[in-house]
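Residue-level structural notes
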Amino acid sequence: MQALTVFIRGWAGLALLMAGSATALAQPAPVDPLSRARQLYNAEKYDEAITAARDAAARPGSKNEAGLLLGRALLERHRASRVAEDLDAARTALRGVDATSLADRSRLDLVVGLGEALYLDGEYRSAAALLEPVLEQMGLLAPPAREQVVDWWATAMDRYAQTRPPDERTAIYDGIAARLRQHLGRYPDSAAASYWLPASALASGDLELAWDLALAGWVRSVLAPDKGVALRADLDRLVTQALIPERVKRLANEPDAAAAGRFTAEWDEAKTRWPQ
């Protein structure tokens, strides 16, 4: 009996020990600051991402990846707050990254970050020049990042075009359109390209083409991840607030109000044939 009691106590102790070991094994591994910074950046929690990236930068082997994350998080915070110190700090962080130590995807992220910094500095042509080669490597980027790069590049080119004499603008917008058509051939769900194609045609003065491309973008919007909600809102503003007024200006034999009403009705009727 005594032997049995000892055996039971011993088994109970072993069971507790094993349970304790299982509990320890069940504990999740701590997330390192670099991974946490990346998760926070992807979740658009930029304040926390900045803190985590600064913590990671102090760890051996993490300096360059952490500096890249820090720079890009600071750029995103600057876009929201327009605090000049964030843009200055972002430049410093990105300049400090040793690109030779980065993987291909991270080097691409660094180029995007540098292009964004130039864009936020108002250096539009330079920003576009940095971002344009990225358009050839879109397969390395997730869909949201691809859309962001296309939108920044097209916006930068548009703003650069506005600084040039009128006789130069058409060629610039033709170049934008060629790039966007190529991009849509690879990624037909691109809302940024579907918006900037009619916007470029409008800016270059081809109003009929702009109208047709706006309608094509409206129909193509069903391919977008959000089923075209954001794209259709943007296209509707483009047509009603910019394209229709420009078409009205070119009519000499029809009252403005009547022409505007006719074009608006035409656009509304086209939209009803392709509801969301």
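Report follows, based on the coordinates. (Residues numbered from 1 in each chain as written. Predicted model: local features only at pLDDT ≥ 70, side-chain atom pairs only at ≥ 80, totals over all residues. Heavy atoms only, no water.)

Some points on the overall build of the chain
Secondary structure summary: the chain contains 13 helices and 0 strands in total. The helix and strand sequence of the chain, counted from the amino end, reads α-α-α-α-α-α-α-α-α-α-α-α-α. The 276 residues of the chain split such that 38% are buried. Put simply, of all contacts in the chain between residues at least 6 apart along the chain, 55% involve residues at least 24 apart. (Helix = DSSP H or I, 4+ residues; strand = E, 2+ residues; numbered from the N terminus. Buried < 20%, exposed > 50% of the residue type's maximum accessible area, 1.4 Å probe, protein only. Contact = heavy atoms within 4.5 Å.)

Describing empty space enclosed by the protein
Over the atoms a probe the size of a water molecule is rolled, and this reveals where empty space is left. A complete count under the given rule lists 1 cavity of 30 Å³ or more for this structure. Its volume calculated, the largest cavity comes out at about 50 Å³. Considering the residues around the largest cavity, the lining is formed by Leu135, Trp153, Arg179, Leu180, Gln182, His183 and Arg186. The element contributing the most residues to the lining of the largest cavity is helix α9 (residues 166-186), with 5 residues. (1 Å grid on protein atoms, 1.4 Å probe; cavity = no way out; pocket = protein on both sides within 12 Å on 5 of 7 lines; lining within 4 Å. Points joined across faces, edges and corners; volume = space filled by probe spheres on them.)

Topic: the pattern of salt bridges
Counted by the stated rule, this structure contains 21 salt bridges. Of the charged contacts, one joins Glu132 and Arg179 as a salt bridge, the two residues approaching to 3.2 Å between their closest N and O atoms. Note that Glu132 is positioned in the loop between α7 (124-131) and α8 (143-161) and Arg179 in helix α9, a separation of 47 residues in sequence. A salt bridge links Lys249 to Glu246; the shortest N-O distance between them is 3.2 Å. Of this pair, Lys249 and Glu246 are both found in helix α12 (residues 229-249), 3 residues apart, which corresponds to roughly one turn of the helix. Here the residues in one salt-bridge network are Glu132, Glu136, Arg179 and Arg186, joined through shared partners. (Salt bridge = Lys/Arg side-chain N within 4 Å of Asp/Glu carboxyl O.)

Details of unusual backbone geometry
The phi angle at Glu44 is positive, at roughly 65°, despite the residue not being glycine. If you trace the backbone, Glu44 turns up in the loop between α2 (33-42) and α3 (46-57). What makes Glu44 exposed here is its relative accessible area of 59%. With a phi angle near 65°, Lys227 is a residue other than glycine that sits in the positive phi range. Relative to the elements of secondary structure, Lys227 occurs in the loop between α11 (207-220) and α12. The exposed category is assigned to Lys227, whose relative accessible area is 58%.

Brief notes about the packing of aromatic side chains
The geometry of an aromatic ring pair is captured by the separation of the ring centres together with the interplanar angle, meaning the angle of the planes. Counted under the stated rule, the structure contains 6 aromatic pairs. Relative to Trp267, the ring of Trp211 lies with its centre 5.8 Å away and its plane at 70°, an arrangement referred to as edge-to-face. Placement of Trp211 in helix α11 and of Trp267 in helix α13 (residues 256-273) is noted, with a sequence separation of 56 residues between them. In this structure an aromatic cluster arises from ring pairing among Trp211, Trp218, Phe263 and Trp267. A cation sits over an aromatic face here: Arg125 above Tyr160, 5.3 Å from the ring centre. Looking at Arg247, its charged tip hangs above the ring of Trp211, at a distance of 4.5 Å from the centre. (Phe/Tyr/Trp six-rings, centres within 6.5 Å; stacked < 30°, edge-to-face > 60°. Lys NZ or Arg CZ within 6 Å of the ring centre and 35° of its normal.)

Considerations on the packing of α11 against α13
The contact between α11 and α13 brings their axes to 11 Å, and the two run at 30°. When the interaxial angle is binned, α11 and α13 end up roughly parallel. Pair α11 / α13 crosses with right-handed handedness. Counting all contacts with α11, which are made through Trp211, Ala214, Leu215 and Trp218, the residues of α13 involved are Phe263, Glu266, Trp267, Ala270 and Lys271. In terms of residue class, the contact of α11 with α13 is made up of 7 nonpolar, no polar and 2 charged. (Axes fitted to C-alpha atoms, helices over the stretch in contact; angles between N-to-C directions. Parallel < 35°, antiparallel > 145°, perpendicular 65-115°, else oblique. Left-handed = near helix turned anticlockwise from the far one by under 90°. Nonpolar A, V, L, I, M, F, W, Y, C, P; charged D, E, K, R; others polar.)

Details of the side chain of His78
Inspection of the secondary structure puts His78 in helix α4 (residues 63-81). Under the relative-accessibility criterion, His78 is labelled buried at 6%.

Some points on α11
With 14 residues, α11 should cover 20 Å at 1.5 Å per step; its first-to-last C-alpha distance of 20 Å lies within 8% of that length. Those residues of α11 hidden inside the fold are in contact with α10 (191-203), α12 and α13. (Expected span 1.5 Å × (residues − 1).)

Examining the environment of Glu266
Relative to the assigned elements, Glu266 resides in helix α13. Take Glu266: its relative accessible area is 37%, and that puts it in the partly exposed class. Setting aside residues no more than four positions away along its own chain, Glu266 makes contact with Trp211 and Arg247.

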